Amino acid sequence: MAESDQSFDLITMGRIGVDLYPLQSGVPLAQVETFGKFLGGSAANVAVAAARLGRNTAVITRTGDDPFGAYLHEALKEFGVDDRWVAPVAAYPTPVTFCEIFPPDDFPLYFYRQPKAPDLEIHSEELDYFAIRASRVFWITGTGLSEEPSRSATLAALKARDKAGTTVFDLDWRPTLLNDSAWRDPAEARPYYTEALRHVTVAVGNLDECEVATGVREPRACAEALLEAGVELAVVKQGPKGVLAVHRDGTSAEVPPVPVEVANGLGAGDAFGGSLVHGLLAGWELAEIMRYANAAGALVASRLACSSAMPTEAEVEDLLARATL
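Just so it is clear, the model here is predicted, and its values are computed rather than measured. (Residues numbered from 1 in each chain as written. Predicted model: local features only at pLDDT ≥ 70, side-chain atom pairs only at ≥ 80, totals over all residues. Heavy atoms only, no water.)

J.: Give a detailed account of the pairing of strand 7 (residues 96–99), specifying residues and quantitative values.
T.: The alternating pattern of strand 7 places Val 96 and Phe 98 on one face and Thr 97 and Cys 99 on the opposite face, and all of these are buried. Pairing of strand 2 (residues 17–22) with strand 7, which is carried by 3 bridges, proceeds in the parallel orientation. Bridge pairing links Val 18 to Val 96 in strand 7. Sheet topology note: the strand 7/strand 8 (residues 109–112) ladder contains 4 bridges and is antiparallel. (Buried < 20%, exposed > 50% of the residue type's maximum accessible area, 1.4 Å probe, protein only. Helix = DSSP H or I, 4+ residues; strand = E, 2+ residues; numbered from the N terminus. Pairing = 2+ DSSP bridges.)

J.: Give a description of the nonpolar core that names residues and reports values.
T.: Counting residues in each nonpolar core, the largest one holds 41 residues, and the members touching the most others are Leu 39, Leu 76 and Val 81. When contributions to this core are tallied by element, the ones reaching two or more residues are strand 2, strand 3 (35–40), helix 1 (42–52), helix 2 (67–78), strand 7, helix 9 (286–301) and helix 10 (313–323). The contact partners of Leu 76, leaving out residues within four places of it in the chain, are Ile 16, Leu 39, Ala 44, Val 59, Val 81, Asp 83 and Val 86. Ranked by size, the runner-up nonpolar core spans 39 residues in total, among them Ala 58, Leu 171, Ala 189 and Val 231. (Core = buried A, V, L, I, M, F, W, Y, C linked by side-chain atoms within 4.5 Å. Contact = heavy atoms within 4.5 Å.)

J.: Explain the packing of aromatic side chains to me, using residue names and the numbers behind them.
T.: Using the criterion set out here, one finds 6 aromatic pairs in the structure. When the ring of Phe 8 is compared with that of Trp 85, the centres are 5.6 Å apart and the planes differ by 65°; the resulting orientation is edge-to-face. Pair noted here: Phe 8 is in the segment before strand 1 (10–13) and Trp 85 is in the loop between strand 5 (81–82) and strand 6 (86–89), with a separation of 77 residues, a long-range link. In terms of burial, Phe 8 and Trp 85 fall into one category: buried. Between the aromatic rings of Phe 169 and Tyr 193, the centroid separation amounts to 5.2 Å while the plane-to-plane angle is 40°, which identifies the pairing as tilted. One end of the pair, Phe 169, is in strand 10 (residues 166–170); the other, Tyr 193, is in helix 5 (residues 186–197), and 24 residues separate them in sequence. Assessed through its relative accessible area of 0%, Tyr 193 is described here as buried. (Phe/Tyr/Trp six-rings, centres within 6.5 Å; stacked < 30°, edge-to-face > 60°.)

J.: Let's hear about the environment of Ala 234: which residues, and what values?
T.: With respect to the helices and strands, Ala 234 occurs in strand 12 (residues 233–237). Aside from chain neighbours lying at most four places away, what touches Ala 234 is Ala 203, Ala 223, Leu 226, Leu 227, Leu 244, Ala 245 and Val 246.

J.: Please provide a residue-by-residue account of helix 6 (residues 207–214), values included.
T.: Residues of helix 6 that are buried include every one of Glu 209, Cys 210, Val 212 and Ala 213, and no others. Taken down its axis, helix 6 places every buried residue within 155° of arc, on the same side. In this fold, the buried residues of helix 6 make contact with helix 5, strand 11 (202–206), helix 7 (219–229) and strand 12. For helix 6, the side-chain oxygen to backbone nitrogen distance between the N-cap and Asp 208 is 3.1 Å, and the N-cap itself is Asn 206. Of the residues flanking the end of helix 6, it is Gly 215, one or two places downstream, whose phi is positive at about 85°. (Arc of directions from axis to C-beta. Polar contact = N/O pair within 3.5 Å; in protein donor to acceptor, adjacent residues only side chain to side chain.)

J.: If you had to explain the pattern of salt bridges to someone new, which residues and values would you point to?
T.: It is possible for side chains of opposite charge to pair when their charged atoms get near one another. In total, this model carries 12 salt bridges according to the counting rule given. Across the pair Glu 195 and Arg 198 runs a salt bridge, and its minimum N-O distance is 2.8 Å. Here Asp 318 and Arg 322 are joined by a salt bridge, their closest N and O atoms 2.9 Å apart. Residue Asp 318 and its partner Arg 322 are both found in helix 10; the two are separated by 4 residues, about one turn of the helix. For Asp 318, a relative accessible area of 41% corresponds to the partly exposed category. Several salt bridges share partner residues, and in doing so they unite Asp 208, Glu 211 and Arg 217 into one network. (Salt bridge = Lys/Arg side-chain N within 4 Å of Asp/Glu carboxyl O.)

J.: For the sheet that holds strand 8, give the residues involved together with the corresponding values.
T.: Pairing in this open sheet of 4 strands is mixed, and the strands run 3-2-7-8 from one edge to the other. Two strands lie at the open edges of the sheet, namely strand 3 and strand 8, each paired on one side alone. Shown here is a sheet whose adjacent strand axes are inclined to one another by a mean of 25°, direction ignored. Its contacts with the sheet place helix 2 against strand 2, strand 3 and strand 7, and it is angled at close to 70° to strand 3. (Axes fitted to C-alpha atoms, helices over the stretch in contact; angles between N-to-C directions.)

J.: Could you give me a rundown of the side chain of Thr 57, with the residues and numbers involved?
T.: With respect to the element layout, Thr 57 can be found in strand 4 (residues 57–64). What Thr 57 contacts, discounting residues up to four positions off in sequence, is Phe 8, Leu 10, Ala 47, Ala 50, Ala 51, Gly 80, Val 81 and Asp 82.

J.: Give a description of the state of the cysteines that names residues and reports values.
T.: Summed over all chains, the structure comprises 0 disulfides. Take Cys 210: it sits in no disulfide, and the sulfur closest to it among the cysteines is that of Cys 222, at 4.7 Å. The structure places no disulfide on Cys 306, whose sulfur is separated from the nearest cysteine sulfur, that of Cys 99, by 7.7 Å. (Disulfide = S-S within 2.5 Å.)

Read these as spatial facts, not as claims about activity.
Now the structure itself:
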């Protein structure tokens with residue numbers, strides 16, 4: 001692939017799809033009559049979240065060669081995310097995801113990624129390594145390691161980047177959306193997580209994901225294990241208990257969540273990720289980054305959608321101001 005003529009604040013690599021979310025809350029999926037259509041997928045959502053905060057972002061992914069794929073291109077461009085590395089794969093349909101909405105904490109997901117998601121068809125020889133190395137932040141996901149050729153492409157991108165700038169590993173372990181049943185066993189996934197951790201500077205995940213990566217579950221032990229594996233910053237999300245962040249230099253921050261009335265908890269983690277990138281690029285203190293990212297996640301949790309719900313700087317700052325009153 002030709003070298004890029006533009007550098008980015010953030011390039012993400014991984015999942016994209018169409019979210020079809022019910023416009024009725026508290027109703028089982030079988031009884032839902034109307035849905036909203038939104039851009040989805042963790043890598044795409046993180047790029048959107050950072051773009052809403054003023055960052056120059058792009059995503060490396062694949063869609064089906066179908067109308068839903070065309071919709072995703074349009075949506076990315078509308079959100080200000082560069083889509084030059086989003087290509088169609090004729091063999092597989094664009095993934096679709098349904099959910100049920102039972103606030104405050106029950107949001108079952110139903111992934112349609114069969115027989116295989118096109119975002120797992122990223123090949124090493126298709127990557128723009130110059131752009132990957134030049135990006136200020138590069139973001140990869142655990143799902144990207146789950147199947148070939150995406151696994152080899154993800155590891156090749158990490159090796160080419162060689163810890164240049166900031167490289168974030170979203171531990172993102174979603175075994176239910178994959179064809180490979182072996183990946184549902186943490187012991188099968190862990191060696192690939194271990195390899196990826198050698199090449200990244202930041203790791204972020206919830207307790208389940210941290211346990212897959214490290215074999216331990218207690219938050220402080222997870223953070224220490226991630227640091228030992230090679231990262232500079234470990235971010236452990238703990239849901240209603242907030243977030244723990246520990247840096248190799250000894251700095252740490254433990255920040256409680258921002259209380260909101262939850263409408264849909266899906267997408268909050270991606271808003272957190274985009275804000276994490278924003279804070280790292282701004283050079284903020286660790287505790288400030290965590291407070292800001294928590295607030296962004298809370299705002300998305302208070303809204304129906306994921307991508308279109310990503311907050312602006314003004315909205316995050318307003319929530320933080322109200323939370324301190």
